[in-house]
Amino acid sequence: MAGIAELKSRMISISETKKVTDAMYMISSVKMRKAQNEHKNSEHFYGKLKSQISEILQYIPETKNRYFHVPLPEGKVHFRHGILLVTADKGLVGTYNHTAIKMTEEYMTRHPETVLFIIGEYGRQYFKAKKIPYAEGFNYPAAFPSVWEAEKICIDLLDYYNSDCLDEISMIYTDYMGNHPSVCKRKVLLPLDKSSFYDRSATRENLFKEFIPNADAVLSEIVPTYLTGFIYSFIVDSYCSEQQTRMLAMSTASRNAEEMLKKLKTQYNALRQAGITNEMIEITSGAKSLKRKKSAPMYEEDSK
């Protein structure tokens, strides 16, 4: 059994670790609330953009705009794929990173020529270690997502799409579900599905509207901004899911630390009590020995 000094050292070490896990829990909680508030402030704007796109599509229902799904010739399929993967910058997030990476690897197995775009340092280091190629010039962190950063990501992806390097771009992210466990999903970013903009409650106005230079050109100008909000929303979802998973991991670590401290304190107190008992026994035994010596008769040596 460990001695008192060793147990005391272990208790101090675990207590310090618990302080770290508690602090990380609080930091993740603050980060998640901040990201949610910033995202909420932008929802109204991008919701209006979606309504505008829906309205324009009413005027050009048969649009051949490159940003929308256009039926391919019979027997043809999209074969130039792109994947935007969202991971964390660091670990200590349970299965958050591994689930998204696994889904990406499965997708790339079905589509070997996929161009991989990665948000988050963890994902880049993972695929670099496995010698799986990815777009190295596409270097964005997962921390502190912003609309400005989402806009830059959107521009980079559109460069590939508009230059006909890719036929389809999907995004693998972790959907934040509030108090429920997060779910890893794949969402097609481009081409957009026209049916997702259909609003049953909307009715086409009889007023004539003029689009300059034309409705299709206006649509092409609005869609990139809408895609920016689309991407931003998914990045924030992933970021909140990351913080939620880290909070859960840190909470579990703190509980485990408390349980270990309880066990160590029990052992420490038992050893300490045993030490005190032994000291009392030694003191009592010494006092009895001294008493016996004092009560023993004194003998003088016979003189010759």
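Residues numbered from 1 in each chain as written. Predicted model: local features only at pLDDT ≥ 70, side-chain atom pairs only at ≥ 80, totals over all residues. Heavy atoms only, no water.

A.B. asks: Provide a residue-level description of helix α3 (residues 121-129), including the pertinent values.
C.D. replies: Within α3, the full set of buried residues consists of Gly123, Arg124 and Phe127. Taken down its axis, α3 places every buried residue within 100 degrees of arc, on the same side. Those residues of α3 that are exposed and angled more than 90 degrees off the buried face are Lys128 and Ala129. Count one or two residues on from α3 and you reach Lys131, which has phi positive near 60 degrees. (Buried < 20%, exposed > 50% of the residue type's maximum accessible area, 1.4 Å probe, protein only. Helix = DSSP H or I, 4+ residues; strand = E, 2+ residues; numbered from the N terminus. Arc of directions from axis to C-beta.)

A.B. asks: Requested: an account of the packing of helix α4 (residues 147-162) against helix α5 (residues 215-295), with residues and values cited.
C.D. replies: Helices that pack against each other are described as a pair by the angle of their axes relative to one another and the distance between those axes. The geometry of α4 relative to α5 is characterised by a closest axis approach of 8 Å and an angle of 120 degrees between their N-to-C directions. Along this stretch, α4 crosses α5, giving a crossing that reads as right-handed. In contact with Val147, Ala150, Glu151, Ile153, Cys154, Leu157 and Leu158 of α4, α5 contributes Pro224, Leu227, Thr228, Ile231, Tyr232 and Ile235. Class assignment for the residues of the contact of α4 with α5 results in 11 nonpolar, one polar and one charged. (Axes fitted to C-alpha atoms, helices over the stretch in contact; angles between N-to-C directions. Left-handed = near helix turned anticlockwise from the far one by under 90°. Contact = heavy atoms within 4.5 Å. Nonpolar A, V, L, I, M, F, W, Y, C, P; charged D, E, K, R; others polar.)

A.B. asks: Provide a residue-level description of the side chain of Thr114, including the pertinent values.
C.D. replies: Note on placement: Thr114 falls in the loop between α2 (96-110) and β2 (115-119). A residue is classified by how much of its surface remains accessible, and Thr114, at 8% relative accessible area, is buried. There is a polar contact of 2.6 Å between the side chain of Thr114 and the backbone oxygen of His111. With residues up to four places along the chain from it excluded, the contact list for Thr114 reads His81, Gly82, Ile83, Tyr107 and Met108. (Polar contact = N/O pair within 3.5 Å; in protein donor to acceptor, adjacent residues only side chain to side chain.)

A.B. asks: Which residues make up the sheet that holds strand β3 (residues 168-175), and what are the values?
C.D. replies: Taken in spatial order, the four strands of this open sheet run β2-β1-β3-β4, and their pairing is mixed. Each of the sheet's edge strands pairs with one partner strand only, and the pair in question is β2 and β4 (183-190). Across the sheet, the axes of successive neighbouring strands diverge by a mean angle of 20 degrees, strand direction being ignored. Where strand β1 (residues 81-86) and β3 come together, five bridges link them in parallel fashion. Bridging from a neighbouring strand, Leu85 pairs with Ile172 of β3. Along the sheet face, α2 touches β1, β2, β3 and β4 and points at about 175 degrees away from the line of β1. Packing against the sheet, α4 makes contact with β1, β2, β3 and β4, and its axis sits at approximately 180 degrees to β2. (Pairing = 2+ DSSP bridges.)

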